[in-house]
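This is what each chain is made of:
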Amino acid sequence: MRPTALILGAGLAGLSTAVHLANKGIEITILEKRPFAGGRTYSFSREFWPYGIDNGPHVMLGCYKALLELLDIVGGRNRLNPQSRLLVPYVLPGSVRAVLAANALPPPLHLLSGLMRFSLLGWREKMSLAKIFFKIRFMSEEDSFDHHTAYEWLSGRHQGGKTMEIFWRPLVLATLNEQPENVSFLQLFRVLKLGILGGRDESRLILIPEGLTSTLVEPALDWLAGNGGRIELNRRIECIKWAEDEDKIIVQTNHGGYEGYDVVVSALPFRNLRLLTLDSGIDTSLEAMEGFRGNAILNLHFWFPEQLISAPMACLQGVRSQWLFVQSRHGDLTHHTLVISSADELIFKESKQELAQSLLGELPELFPQFNPGEVKFHYLTIEKNATLVCKPGIEAARPLPGRLWKNLYLTGDWTRTGLPPTMESAVLSGRMAAEAVARDVN
Ligand SMILES: Cc1cc2nc3c(=O)[nH]c(=O)nc-3n(C[C@H](O)[C@H](O)[C@H](O)COP(=O)(O)OP(=O)(O)OC[C@H]3O[C@@H](n4cnc5c(N)ncnc54)[C@H](O)[C@@H]3O)c2cc1C
């Protein structure tokens, strides 16, 4: 008989676990509370725009090896749009435009030549940034990096002022969904070391133009269906507990109990897992997670006759929105999305409608041709708890992906994968958990 695994949650971590387990001959069943899979990466449509709207634009870096490997297994990689090299356009008030681009030289020179041509920073700022790039490129990861915020580490190395506002803050917000003042330097170090300063291929951005569901989720579901996997939707897990004899896990859902599986793998977000296991006996292993919190990402989708930028995305300066994405064009309308990371403070101050109007109202400063009155539709999405906030000191409290307790295994972007909580961390954690399960059941 083939070993059996019950996977809780059908986000990228759950799907990655399922694919890797099925590939190792293990029979898998996934339970998901929502009527669709994908977790924090999904697309939906509205009557006025049936072509698909992502819950928020997601960007990969060339260093996302585990996600690329997963897409090689299930298909879907050919739907990605990788840049040939890192290229970030900037849009500033007063029609000021600039581009930060890498070239083909070995790292960190690939970024330095582009930096030298970057018109928004002066020579002194460029030289001090170049010094940091060299320093980080040849530094190794240390536990002490988790004792400082990114801001403390950078400002101690003359990275304040314009360098902070034009280069570091947008980078930290985009990759870590938190302000440099609150996030651990360790996570920024990883983004730089593995991604931005990792090399020409590793640092380039990979866009997902055909949408999250059709690129990342449907290929995995189709592959699983073809390989004997089962997914049960609308199954909300209500508690995870052990049977009297202490060896069997019982997963209680709104559709009854699930038991008898050789292993259970939780691919749930950290809050849900903690709540579902209260009183189960594994509490103590998860106690350190009590201080964990997430931060929100706000996305304002709007449809406008003109395409505001020629590139697929741009970093915005001088307005509250941080990034602008051009998603797709159909008929005479272009779908744009404004993104604000670390949006917790913002979203509790104004209503959605007020926020949407005021964010659109700021855009003429950057795009004189933009008239908010010509916006045909807009739609604001807020993903509360979009990602775990990696404040200093949190790394040791992130449990390792793999076996947690008896035959309960753990995965999720928030586990200690050696990466910040991202799509890559989710997929890697799934692969790591699957490897641990396969070692134990075979
Ligand atoms: C707006 C936004 C933008 C982002 N941008 C980027 C980006 O550009 N690049 C990047 O790398 N990352 C980005 N991320 C982060 C990325 O989406 C996540 O790191 C990743 O999707 C997490 O996957 P996961 O499987 O670990 O968790 P999740 O996707 O949260 O999966 C958990 C699953 O468990 C299910 N679940 C929860 N509770 C229960 C229950 N009680 N019973 C049954 N099922 C349950 C959920 O419905 C969900 O399907 C972004 C996130 C958001 C929200």
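Structural data are supplied above this passage.
Right, let's walk through the structure included here. Since we're looking at a predicted model, the values are computed, not measured. (Residues numbered from 1 in each chain as written. Predicted model: local features only at pLDDT ≥ 70, side-chain atom pairs only at ≥ 80, totals over all residues.)

Now for the sheet that holds strand β2 (residues 27-31). Strand order in this open sheet of 6 strands is β10-β2-β1-β14-β21-β20, and the pairing throughout is mixed. The open sheet has two edge strands, β10 (230-232) and β20 (402-405), and neither has a second partner. Strand-to-strand twist in this sheet, taken as the mean axis angle between neighbours without regard to direction, amounts to 30°. Most of the contacts of helix α1 (residues 12-23) go to β2, to which it runs at about 165°, and overall it touches β1 (4-8), β2 and β14 (263-266). (Pairing = 2+ DSSP bridges. Helix = DSSP H or I, 4+ residues; strand = E, 2+ residues; numbered from the N terminus. Axes fitted to C-alpha atoms, helices over the stretch in contact; angles between N-to-C directions. Contact = placed C-beta atoms within 7 Å.)

Right, let's talk about the site of the ligand for a bit. The full set close to the ligand counts 35 residues, and G9, G11, G39, G56 and T422 are the nearest of them. Listing elements by their share of the shell around the ligand, those giving two or more residues are α1, β19 (377-388) and α14 (423-441). When residues of the shell around the ligand are assigned to domains, at least three fall in each of domain 1 (4-41 + 210-291 + 392-441) and domain 3 (294-388). (Near = placed C-beta within 6 Å. Domains from an automatic or database assignment.)

Right, let's get into the packing of α1 against helix α2 (residues 65-74). Interhelical geometry of α1 versus α2 gives an angle of 55° and a closest axis separation of 11 Å. The pairing of α1 with α2 is recorded here as oblique in orientation. The crossing of α1 and α2 is left-handed. Along its contact with α1, which presents S16, V19 and N23, the element α2 presents L70, I73 and V74. Residues belonging to the contact of α1 with α2 are distributed by class as follows: 4 nonpolar, 2 polar and no charged. (Parallel < 35°, antiparallel > 145°, perpendicular 65-115°, else oblique. Left-handed = near helix turned anticlockwise from the far one by under 90°. Nonpolar A, V, L, I, M, F, W, Y, C, P; charged D, E, K, R; others polar.)

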